[in-house]
Amino acid sequence: MSDLHKEINFENDLCNHMSANGWLYAEGDAAYYDRGHALFPADVIAWVQATQPKAWETLTRNQGAAAEATLLDRIRKQLDDRGTLDVLRHGVELMGLRQPLQLAQFKPALAMNPDLQAKYAANRLRIVRQVRYSVHNENALDLVLFLNGIPVATVELKSNFTQSVQDAVDQYRFDRQPRPKGQSTADPLLDFPRGALVHFAVSNSEVNMATKLQGAATIFLPFNQGDDGAAGNPPNEQGHRTAYLWERESWLEIIGRYLVTKRDSKKQIVGMVFPRYHQLDATRKLLATVLAEGAGHKYLIQHSAGSGKTNSIAWKAHFLADLHDAGHKKMFDSVLVVSDRTVLDDQLQEAIFDFERTAGVVATIKGESASKSGELAKALSGGKKIVVCTIQTFPFALKAVQELAATQGKRFAVIADEAHSSQTGEAASKLKAVLTAEEFKELEDGGEVSTEDILAAQMSARANDAGITYVAFTATPKAKTLELFGRRPNPDLPAGKDNLPAAFHVYSKLAWLNTKKKKLLEKDVLVQQALSNTEEQFAGSPDLQKFFMDALIESYSAQNALDRAALNSTAVQDDVLRLLLGPARLWESLRTREIQV
């Protein structure tokens, strides 16, 4: 069988699998793709006719035979002006229609409205293969995914028999540029933010993604599940390791609830955040468990540096604030976020505005007013969905939450962010000042006090409050944190060597390092240096330092400002390189790369 056939077989497998699991698919669909509008017109019209028949009737009455062209032109104009995500979430306005025409229906928080449920079921997700997308040439993408005729993803496939996922990444970077060289206009399907929301490089075993194509400068991040602490994905007895990517319900949820645009000071869209798999997995598992267990439990999320913790916290805060139980009752009256990350408040505000176009639902308590307790009580009892406070203000916030839970039966979720590893000097003095004498005795760090220590001291006698759910984030939990927030494999038995408390969800530093290691394993010059030098000599290689820094920049630059600041820390760089050469065994892996392949 030829190499071409092997890749075609992979493509066939994916299309057949998706067709059998809720996606629309037919051979020859590519002929019906409209390059100029970057739309699949038949699905646009079918969606509108099925879900908004009165609006379609008005449009055809007003426009006659030009109704379809008018609608497609209007959608294209709105995609250009507002971006694809905003159009999908909020629809488009047309002359003669009393309300915006919806272009998608995402799953409502409450399952009580039959009309919304019917619209949700009517969503048309389609996969089209070998799409000649360009208005300038005959280039073709392996796959394009559409939601109600609007493109949401492009895909380049590579078979493990012949190539790797990196070959698909390079194809995007060098052969799939939004604006081909010498052209004055960009291809709308690939142009940001008016084209597809995400671009996937996919092999049988791995997935990488990018939300903004920028030629050779395009940043791809992994969208892999991880394989027992290693990079990549676990074996799948039912088929390809990357089959998880194609779940219909998952796609609708990501588009409707997870994607967040990043805007500049002029409110122009400059980037977009697509969740990495561990962020998606942690959030979904947390919500499912909270629904099953009810309020009043504790969860420890152990995610390393470089994991995108700020975004993870923002998603969990928003979703917990909107969570409803089986009886359609809101699970929490408010969500309290404890963090010193100044960027977190902005990201929460941006995310919620993207989802709801609702401002003012996040309150930030900095303790600058005369009465911290009064400021907190007002925010927590005044209908704010999310309240953000600093670790110094946390004791007052915790007291307010406990009083409202005890006296008014309110339920709260508290998300605690480790944010900083330690506080010294003036900051330490402020933190120590909020502790009681008994709490202060529990700290044994000498002159240093970490936010985790403060949290543990504050929570030691208070973490079992009924109606209050606690979620703690930390990269390397201390023993006290594990004791307070960890979960024993057998909760009915006391803690012991065979029943030690552990984190609810883990994305370890080693798992993150293995994604960096994989990048370095692709460098032939490093393979040669590893073969010709001792590990000590190899550790001092200028080439290793360069490729290592490139890998760090790629992962951090797609995250928030706090993560990017870590690049300037020699201690952070040295620690990561030490772990790469130690637990991640980079030198040994490079020396045996040919055997592994």
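Rules behind the numbers
Residues numbered from 1 in each chain as written. Predicted model: local features only at pLDDT ≥ 70, side-chain atom pairs only at ≥ 80, totals over all residues. Heavy atoms only, no water. Helix = DSSP H or I, 4+ residues; strand = E, 2+ residues; numbered from the N terminus. Buried < 20%, exposed > 50% of the residue type's maximum accessible area, 1.4 Å probe, protein only. Contact = heavy atoms within 4.5 Å. Polar contact = N/O pair within 3.5 Å; in protein donor to acceptor, adjacent residues only side chain to side chain. Pairing = 2+ DSSP bridges. Axes fitted to C-alpha atoms, helices over the stretch in contact; angles between N-to-C directions.

Asker: Can you explain unusual backbone geometry? Please cite residues and give values.
Answerer: With omega at 0°, the peptide bond leading from F192 into P193 counts as cis. Checked against the element boundaries, P193 lands in the loop between α7 (165-175) and β4 (198-203). One non-glycine residue with positive phi stands out, namely A38, at about 55°. Of note in this structure, Q130 is not a glycine but carries a positive phi near 50°. Note that Q130 resides in strand β1 (residues 125-132).

Asker: Give me the environment of R132: which residues, what numbers.
Answerer: In this structure, R132 sits in strand β1. Residue classification places R132 among the partly exposed residues on the basis of a relative accessible area of 42%. Once residues lying within four places of it in the same chain are set aside, the contact partners of R132 are Y33, R35, E138, N139 and A140. Within the structure, the side chain of R132 is placed 2.4 Å from the backbone oxygen of E138, a separation counted as a polar contact.

Asker: An account of the sheet that holds strand β14 (residues 468-474) is needed here, citing residue identities and associated values.
Answerer: A sheet is described by the order of its strands in space; here seven strands give the open sequence β11-β12-β10-β13-β14-β9-β15, paired in parallel fashion. The open sheet is flanked by β11 (362-365) and β15 (505-507), the only strands paired with a single partner. Shown here is a sheet whose adjacent strand axes are inclined to one another by a mean of 15°, direction ignored. In this structure, strand β9 (residues 298-303) lies alongside β15, joined through three bridges in parallel fashion. The residue bridging Q302 from the neighbouring strand is V506, located in β15. Together, β9, β14 and β15 form the strand contacts of helix α9 (residues 277-293), whose direction differs from that of β9 by roughly 175°.

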